[in-house]
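Per-entry structural report
This is what each chain is made of:
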Amino acid sequence: MIRSFLTLSRPRFWLYLAGPVLVGLAYGASTVGDLLSPVSVALFVYFLFPANVFLYGINDVFDADVDEENPKKEGRESRYRGDRAVPVAVAVCAALGVGFLFVTPSAAWPWLVGFLLLGAEYSAPPLRFKTTPFIDSLSNGLYVLPGAAAYAALAGSQPPLLAVVGGWLWAMGMHTFSAIPDIEPDRRAGIRTTATALGESRTLAYCAVCWLLAAGVFALLDVRAGLLLLAYPLLVVAWVTRDVDIARAYWWYPAINTAVGAVLTVGGLWGVVRG
């Protein structure tokens, strides 16, 4: 069972939620001690594993029929086979997320509640955002919410609006890029997404625009961050000009995102140490 939950939680993508937490903590902290506070550690641990069980568990339960045609579910990811332990685990992990409302300042509450609501309704009825082109992309700004919550939990105030907007645009691009390998399985299953509506080439262009806008917004906050985020639209150009299979490039992004996130985190930590 432990192995099945590990597979369900997509270990390759753990840092997609926990990484923004590290960035948020690095910029929200005033002292080194803040980084190791109980709330900081708890937020990181929650978004490293339980939050991923919550997010992907709901996805797998409500996508069981669609996933029968999805080649990504072979080996690296799992197919939901009706195991009743999965919905129970999802409910427990959601309850753990609600528990943070009792140990964090009110500034963090909108971000925590937003994550739980968007995380559920992305896959679950009645809204099921993932089946509406462009709404599926827009709703996936949810990946920046753990970072905003972590910042607010330590700083006691809201994160910079530009950081939230830039991160949201980045997440929109990342989500839509990840949907490209699913285009054919989704079309066969009758699922409509931004990627199925646009097709591969135009979806790549959409991702590049989202990432270019994200870089521009971050540049307004800090030019160095903007330059760092330019790596994403430039990578799209590289994939297109070198005719790289996107289904293959998709699996490189956990490492790419980890590297970019590490640079952003180190920048924030440097400010804490110097301060």
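Coordinates for the structure precede this section.
Residues numbered from 1 in each chain as written. Predicted model: local features only at pLDDT ≥ 70, side-chain atom pairs only at ≥ 80, totals over all residues. Heavy atoms only, no water.

What about helix 15 (residues 231-241)?
Regarding helix 15, the residues found buried are Tyr 232, Pro 233, Val 236 and Trp 239. The arc enclosing the buried residues of helix 15, seen along the axis, measures out at 115°, which places them on a common side. Pointing more than 90 degrees away from the buried face of helix 15 are the exposed residues Leu 234 and Thr 241. Elements that come into contact with the buried residues of helix 15 comprise helix 11 (161-178), helix 13 (194-221), helix 14 (223-229), helix 16 (246-249) and helix 17 (253-274). Count one or two residues on from helix 15 and you reach Asp 243, which has phi positive near 55°. (Buried < 20%, exposed > 50% of the residue type's maximum accessible area, 1.4 Å probe, protein only. Helix = DSSP H or I, 4+ residues; strand = E, 2+ residues; numbered from the N terminus. Arc of directions from axis to C-beta. Contact = heavy atoms within 4.5 Å.)

Topic: the side chain of Thr 203
Mapping Thr 203 onto the fold places it in helix 13. Separated by 2.6 Å, the side chain of Thr 203 and the backbone oxygen of Gly 199 make a polar contact. For Thr 203, the contacting residues outside a window of four places in its chain are Thr 176, Ile 180, Thr 194, Ala 195 and Leu 198. (Polar contact = N/O pair within 3.5 Å; in protein donor to acceptor, adjacent residues only side chain to side chain.)

Some thoughts on the pattern of salt bridges
Taken as a whole and assessed by the stated rule, the structure comprises five salt bridges. Asp 60 serves as the salt-bridge partner of Arg 10, at 2.8 Å between the closest nitrogen and oxygen. Of the two residues, Arg 10 sits in the loop between helix 1 (2-8) and helix 2 (15-28) while Asp 60 sits in helix 5 (residues 50-62), which places them 50 residues apart along the sequence. Neither residue differs from the other here; Arg 10 and Asp 60 are each classed as buried. Here Asp 63 ties to Arg 128 by a salt bridge, and the two come within 2.8 Å at their closest N and O atoms. Note that Asp 63 is positioned in the loop between helix 5 and helix 6 (64-67) and Arg 128 in the loop between helix 8 (109-121) and helix 9 (135-139), a separation of 65 residues in sequence. According to the relative accessible area criterion, Asp 63 is buried, its value standing at 5%. Three or more residues joined by partner-sharing salt bridges are found here, namely Asp 63, Arg 128 and Lys 130. (Salt bridge = Lys/Arg side-chain N within 4 Å of Asp/Glu carboxyl O.)

Comments concerning the packing of helix 11 against helix 13
Where helix 11 contacts helix 13, the two axes come as close as 8 Å, and the packing angle between them is 160°. It follows from the interaxial angle that helix 11 and helix 13 lie roughly antiparallel. Like other packed secondary-structure pairs, helix 11 and helix 13 cross with a definite hand, here left-handed. Looking at the contact of helix 11 with helix 13, its residues break down into 19 nonpolar, six polar and no charged. (Axes fitted to C-alpha atoms, helices over the stretch in contact; angles between N-to-C directions. Parallel < 35°, antiparallel > 145°, perpendicular 65-115°, else oblique. Left-handed = near helix turned anticlockwise from the far one by under 90°. Nonpolar A, V, L, I, M, F, W, Y, C, P; charged D, E, K, R; others polar.)

Looking at helix 5
The end-to-end C-alpha separation of helix 5 is 18 Å, in line with the 18 Å expected for 13 residues at 1.5 Å each. Residues of helix 5 that are buried include every one of Pro 50, Ala 51, Asn 52, Val 53, Phe 54, Leu 55, Tyr 56, Gly 57, Ile 58, Asn 59 and Asp 60, and no others. (Expected span 1.5 Å × (residues − 1).)

Topic: a nonpolar patch on the surface
Taken together, the side chains of Val 88, Val 92 and Leu 96 define a hydrophobic patch exposed on the protein surface, amounting to about 260 Å² of accessible area. Note that Val 92 resides in helix 7 (residues 85-99). For Val 92, a relative accessible area of 45% gives the class partly exposed. (Patch = residues over 30% accessible without salt bridge, like charges linked within 9 Å, V, L, I, M, F, W, Y side chains within 5 Å. Areas by Shrake-Rupley, 256 points an atom, 1.4 Å probe, with all protein chains shown as cover.)

Here's the deal with unusual backbone geometry
Glycine aside, a negative phi is what most residues show, and trans is what most peptide bonds show. Put simply, Pro 125 and Pro 126 share a cis peptide bond, and its omega is 10°. Positionally, Pro 126 belongs in the loop between helix 8 and helix 9. Positive phi, close to 55°, is recorded for Asp 243, a residue that is not glycine. Here Asp 243 is to be found in the loop between helix 15 and helix 16. Owing to a relative accessible area of 69%, Asp 243 belongs among the exposed residues under this scheme.

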